[in-house]
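# Overview (structure and organization)
Spelled out from the first residue to the last, the chains are:
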Amino acid sequence: MRDRMSILSPTGHLGFTPIERGSFELGVARRPDAIVADSGSCEIGPQPLGADEHCSPEAWQRHDLELMLLGARRLGIPMIVDSASDTGTDRGVKQYAGIIRDIARSHALAPFRLATICSEVPRDEVARRLAGGVRVEGLDGRADLTPDVLARTDRLVAVMGVAPIIRALDEGAEVVVAGRSSDSCIFAAPAIRAGFPEAAAYYLGKVLECASFAGEPFMGKESILGTVTADAVTVTAMHPGQRCTVASVASHAMYERANPFFEHVAGGVLDMSHCRYEQQDERTTRVT
């Protein structure tokens, strides 16, 4: 196992507003081991998922994918994107794969291996399982899925964990475009594959998933760099005017959850109740 691994996160929602090039290039100059970005969000609501359409302008999606692809191929490192085209439907995965192929052709990039991971689930298959007695449990005390609700549902996209992404990397993928995933899992996957402890890997993913939201002052779509070791995670703001502080990183760990100390993902639960935060330098916080 290597002693450390660094991942560059350039945006908390690829395509929603364009990645800022300046801090991204500063991050690439640090020579990370992977460039990873989430491209979806539940905050867009059910309409784009049901209608199978994206809410981010395709021009902005292309802008972000181009920056990431060119940076990753320049360094020869993996690029991973999930929840393709906002919702992670099969259409979104195919759309992003097509954009990446277009970008590769337009820049005459050397051949690379592209993996697509679809996670849409046929409604008939879910109906068959319900009829066979399989329980689809409601989250946070909500009602279980019923045949009536399923019949009124236009589209279903499963949420994957780290396993499919690790498999794609194991099979030689240099660019991975995935359907819906637990946000932190796309960052945790390469770290777990490299042999780092699951707790540290999932915390790395949690702190990187929204990029510059883990820094202060607030800045949208600026890059941050996360580094995992066997016993710690450090996170550094790439924009010269932003910093990752104890307050900003700890606050982000409590973001988007009913309980501030637990991160539930596809595959397990990250317990953050004993995390310790220390300011390592002006723009870097270390978490153990």
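Structure's up top.
So, here is what we can say about the structure in this document. (Residues numbered from 1 in each chain as written. Predicted model: local features only at pLDDT ≥ 70, side-chain atom pairs only at ≥ 80, totals over all residues. Heavy atoms only, no water.)

### Looking at a nonpolar patch on the surface
Judged by side-chain polarity, Met254, Phe261, Phe262 and Val269 come together as a nonpolar surface patch covering roughly 350 Å² of accessible area. Take Met254: it is sitting in the loop between helix H10 (246–253) and strand S8 (262–265). (Patch = residues over 30% accessible without salt bridge, like charges linked within 9 Å, V, L, I, M, F, W, Y side chains within 5 Å. Areas by Shrake-Rupley, 256 points an atom, 1.4 Å probe, with all protein chains shown as cover. Salt bridge = Lys/Arg side-chain N within 4 Å of Asp/Glu carboxyl O. Helix = DSSP H or I, 4+ residues; strand = E, 2+ residues; numbered from the N terminus.)

### Describing helix H1 (residues 21–29)
Within the sequence span of H1, burial applies to Ser23, Phe24, Gly27 and Val28. Along the axis of H1, the buried residues cluster in a sector spanning 145°; they form a single face. Close packing links the buried residues of H1 with strand S1 (5–9), strand S2 (34–40) and helix H3 (58–75). (Buried < 20%, exposed > 50% of the residue type's maximum accessible area, 1.4 Å probe, protein only. Arc of directions from axis to C-beta. Contact = heavy atoms within 4.5 Å.)

### Some words on the nonpolar core
If you look at the biggest cluster of nonpolar residues, it comprises 44 residues, and the most contacted ones within it are Val162, Ile165, Tyr202, Tyr203, Val207, Leu208 and Val228. Sequence-distant contacts of Leu208, defined by excluding residues within four places in its chain, comprise Ile7, Ser9, Phe187, Ile224, Leu225, Gly226 and Val235. In this structure, Leu69, Val93, Ile100 and Met238 belong to the second largest nonpolar core, which totals 28 residues. (Core = buried A, V, L, I, M, F, W, Y, C linked by side-chain atoms within 4.5 Å.)

### Details of the side chain of Ser85
Within the secondary structure, Ser85 is located in strand S3 (residues 79–86). Residue classification places Ser85 among the buried positions, given a relative accessible area of 0%. Leaving out residues up to four positions away in the same chain, Ser85 has contacts with Ser39, His54, Gln61, Arg91, Gly92, Gln95 and Tyr96.

### A few points about the state of the cysteines
With the rule as written, the count across this model stands at zero disulfides. We note that Cys244 lacks a disulfide partner, and the nearest cysteine sulfur, in Cys210, lies 12 Å from it. Accessibility expressed as a relative area gives 0% for Cys244, which makes it buried. Of all cysteine sulfurs in the structure, the one in Cys244 sits closest to Cys275, which takes part in no disulfide; the separation is 15 Å. (Disulfide = S-S within 2.5 Å.)

### Focus on unusual backbone geometry
The omega torsion across Glu216 and Pro217 is -5°, close enough to zero to call that bond cis. In this fold, Pro217 is placed in the loop between helix H9 (198–208) and strand S6 (224–228). In this structure, Asp86 is a non-glycine residue whose phi angle is positive, near 80°. Secondary-structure assignment places Asp86 in strand S3. Backbone geometry at Ala211 places phi at a positive 55°, although glycine is not the residue there. If you trace the backbone, Ala211 turns up in the loop between H9 and S6. Relative accessible area serves as the criterion here: at 0%, Ala211 is assigned to the buried category.

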